Amino acid sequence: MRRTGNYGSMEDPDFKIPRMESIENSEISEWYRDKTVFLTGGTGFMGKVLVEKLLRSCPVKKIFLLVRPKKGADIRQRIDDMLNYKLFDKLKANRPEFLDKLYPVRGDITMEGLGLSEEDEAKLAAEVHVVFHVAATINFQEPIRVAVSMNMLGTKRVVNLAKKMSKLEALVHVSTAYCNCHLQETYEELYPAPLDPARLIQLTEWFDDDILESITPQLVAPRPNTYTFTKALAEHILVNDAEGRIPFSIIRPSIVCGAWREPEPGWVDNMFAFTGLLVGMGKGVLRTLYIKQGIKLDFIPVDVPINLMIVAAYNTAKKKFVTDSGIPIFCCSTGYQQPLTIEDLNDHLKDTVRVIPQEHPIWFPDGSAKTNKTLHTIHLYIANVIPAYIADFICKILGKKQIAVKLCNKMTKAINALEYFMLRDWTFHNENVQGLWAALSPADQQMFHFNVGDLDWGHYIDRYQRGCKKFILKESTSDEALERAHKNMNKMLWVHRILQFVLMYCAWCLVSSDISVTCLSTLFNELVKWFALYPLDTIDDNSSAPSTPALPEEGLLSS
């Protein structure tokens, strides 16, 4: 065990969250003073963290949020709902007036002109200094037409609007480190487009959904899905349309996970990616994981790319650091500086879910990693899917809430989405990120920390587990609550071991029963007779005897 006592407290003498410097000491914060920001994707996971960080650490004048109205909620209601997240609690308590800087704008990145009214477009064109384009579909299985509309045309529409902004100083576009995932090693540069973006847009206009679906695998190959394919082409749209016209930077985060340091360690609002692993394993639902040994995983805490984005906008305008390639691309990843192997992740997960247990696990957290897909699938159904249905059936009889199947489905969806990325090894070079970090003053480094070189994976996963308990499962993380959870966990361990013993005893009884002994003896005798009739040294692979066809040599040996 890495830790003893205090049940994995986040307070550690060797791992202190740095005290935030005052805004006046930060050159970057001062640069943002009285700036107006326009943000797409502001109600998403990364968008919420970016809004909170800008309001807390940058004296901006306004933040315009492009918000799409949903059924039963107008844009103002959606912003109010967003502000109800615990993410904004400290900001509301300490600086409530800052929330008045948020201005929702009705629009949609899938619509021409972003769906903006003439009045809103004119206001944005006249006032905005900085644009953060975060909005995208991250559904790996999105139909190609939808992915093109959101990821490619959405980028084109944002660039077209940015060209009209008279005060624009920087546009920051969020891409993905996996946009060139067909390459095992990538650098912070623009790679050749797999297809002319204009041609792909034309295809989506000409063909119906059935034809597009049938040709999608050929279109996106060798990339695995429409997400990575369209994000790669979106970079080319940005460069082709913006280069020489508007100042821009591209950020390529890897798999974005819960917060490392801010706004609160472990903050997360969804069950995607790493979160599904932690919740599934902690609940005792995840009992098998399909892996490839030695693979480096690339998870990035959400506050790292957010801080990098804020700094990149400043750098785009001030040119403190100039990239060698000419196109400012920053790969925000951990694998190059602070790699996490699949074996390390497995050890950390087993450790963390037992040191910081969840309050009401369905079963004792246990399991194993598999390198064989068939064994993994069999174990998944035996240990996860079938028991989940049985557990919900029992809960239904007892009149209790049925959550096992729901958790199992969410966990399986998250794991399946990660599978492609957990079975392959990439090296994402991030020299530009390191160079930008080195160009910052100590005050700016502390205010906008994005150096993953001092990331401790064990402590981070502890914080993440606490975040899952607090923000996803709505459980207490106090020492008293963890004490109760540990007692419950110990009880479940006894039940788990007793059940294992009972199952082993039943299996032994089955194997040693008279019927089993008779069957095994008969099988053994038949094998002896068969080998007596057909000795190994007389078997000819080329034999063509019609009565008894010869078996291949390796078949005999394996039998």
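Residues numbered from 1 in each chain as written. Predicted model: local features only at pLDDT ≥ 70, side-chain atom pairs only at ≥ 80, totals over all residues. Heavy atoms only, no water.

## Notes on empty space enclosed by the protein
Summary: where empty space remains is shown by rolling a probe the size of a single water molecule over the atoms. Spelled out, the test is: Here a cavity is any set of points on a 1 Å grid over the protein atoms alone where a 1.4 Å probe fits but cannot get out, and a pocket is any open set with protein on both sides within 12 Å along at least 5 of 7 lines; a residue lines the site when it has an atom within 4 Å of a point. Grid points are joined across faces, edges and corners, and a volume is the space filled by probe spheres set on the points. Helical segments are the DSSP runs of H or I of at least four residues, strand segments are the runs of E of at least two, and each set is numbered from the N terminus. Residue polarity is assigned by list, with Asp, Glu, Lys and Arg as charged and Ala, Val, Leu, Ile, Met, Phe, Trp, Tyr, Cys and Pro as nonpolar; anything else, Gly included, falls into the polar class.
What the rule picks out here adds up to seven cavities of 30 Å³ or more. Lining the largest cavity are M281, L286, R287, T288, L289, N346, L349, K350, D366, G367, S368 and A369. Only β9 (288–290), α12 (342–355) and β14 (368–370) provide two or more residues apiece to the lining of the largest cavity. The greatest single-element share of the lining of the largest cavity, amounting to three residues, is contributed by α12. Of the residues belonging to the lining of the largest cavity, the class tally is five nonpolar, four polar and three charged.

## Here's the deal with the nonpolar core
What counts here: Take the buried residues of types Ala, Val, Leu, Ile, Met, Phe, Trp, Tyr and Cys, join any two whose side-chain atoms come within 4.5 Å, and each joined set is a nonpolar core. Burial classes: relative accessible area under 20% of the type maximum marks a residue as buried, over 50% as exposed, and values in between as partly exposed (1.4 Å probe, protein chains only). Pairs of residues are marked as contacts when any of their non-hydrogen atoms sit within 4.5 Å.
Within the largest apolar cluster, 98 residues are counted, with the highest numbers of intra-cluster contacts made by Y32, F132, F274, F299, M309 and L345. Residue contributions to this core peak at nine residues, all from helix α11 (residues 303–318). Those residues in contact with L345 that sit more than four places away from it in its chain are F274, L277, L297, F299, L340 and I461. Formed by 26 residues, the second largest nonpolar core is a distinct cluster that contains A135, L238, V239 and I327.

## Focus: the pairing of strand β2 (residues 62–67)
Regular strands place side chains that alternate from one sheet face to the opposite one. Our working rule: Only strands that DSSP links by at least two bridges are regarded as paired with each other. Look down the strands so they point away from you; if the path from the first strand over the helix to the second goes clockwise, the crossover is right-handed.
When you tally the buried positions in β2, you get six out of six residues, the bulk of the element. The two faces of β2 match: K62, F64 and L66 on one face and I63, L65 and V67 on the other face are all buried. Here five bridges tie strand β1 (residues 36–40) to β2, and the two strands are oriented parallel to one another. Directly across from T40, in β2, lies its bridge partner L66. Following the backbone out of β1, through helix α2 (residues 45–57) and into the adjacent parallel β2, one traces a crossover that is right-handed. Bridge analysis of β2 against strand β3 (residues 102–106) gives five bridges, and the strand direction is parallel. Paired with F64 across the two strands is Y103, which belongs to β3.

## Structural notes on the pattern of salt bridges
To be explicit about the condition: Counted as salt bridges are all cases of a side-chain nitrogen of Lys or Arg within 4 Å of a carboxyl oxygen of Asp or Glu.
Applying the stated criterion across every chain yields a total of 19 salt bridges. Here E262 and R56 are joined by a salt bridge, their closest N and O atoms 2.8 Å apart. Of this pair, E262 sits in the loop between β8 (255–257) and α10 (274–282) while R56 sits in helix α2, placing them 206 residues apart in sequence. Its salt-bridge partner being R157, residue E112 comes within 3.5 Å of it at the nearest N-O pair.

## Quick word on unusual backbone geometry
Put simply, A221 and P222 share a cis peptide bond, and its omega is 5°. Position of P222 relative to the elements: it lies in the loop between α8 (209–220) and α9 (226–242). The step from E262 to P263 runs through a cis peptide bond, and the omega angle for that step is 0°. Of note, P263 is situated in the loop between β8 and α10. Phi is positive for L114, which is not a glycine, with a value near 60°.

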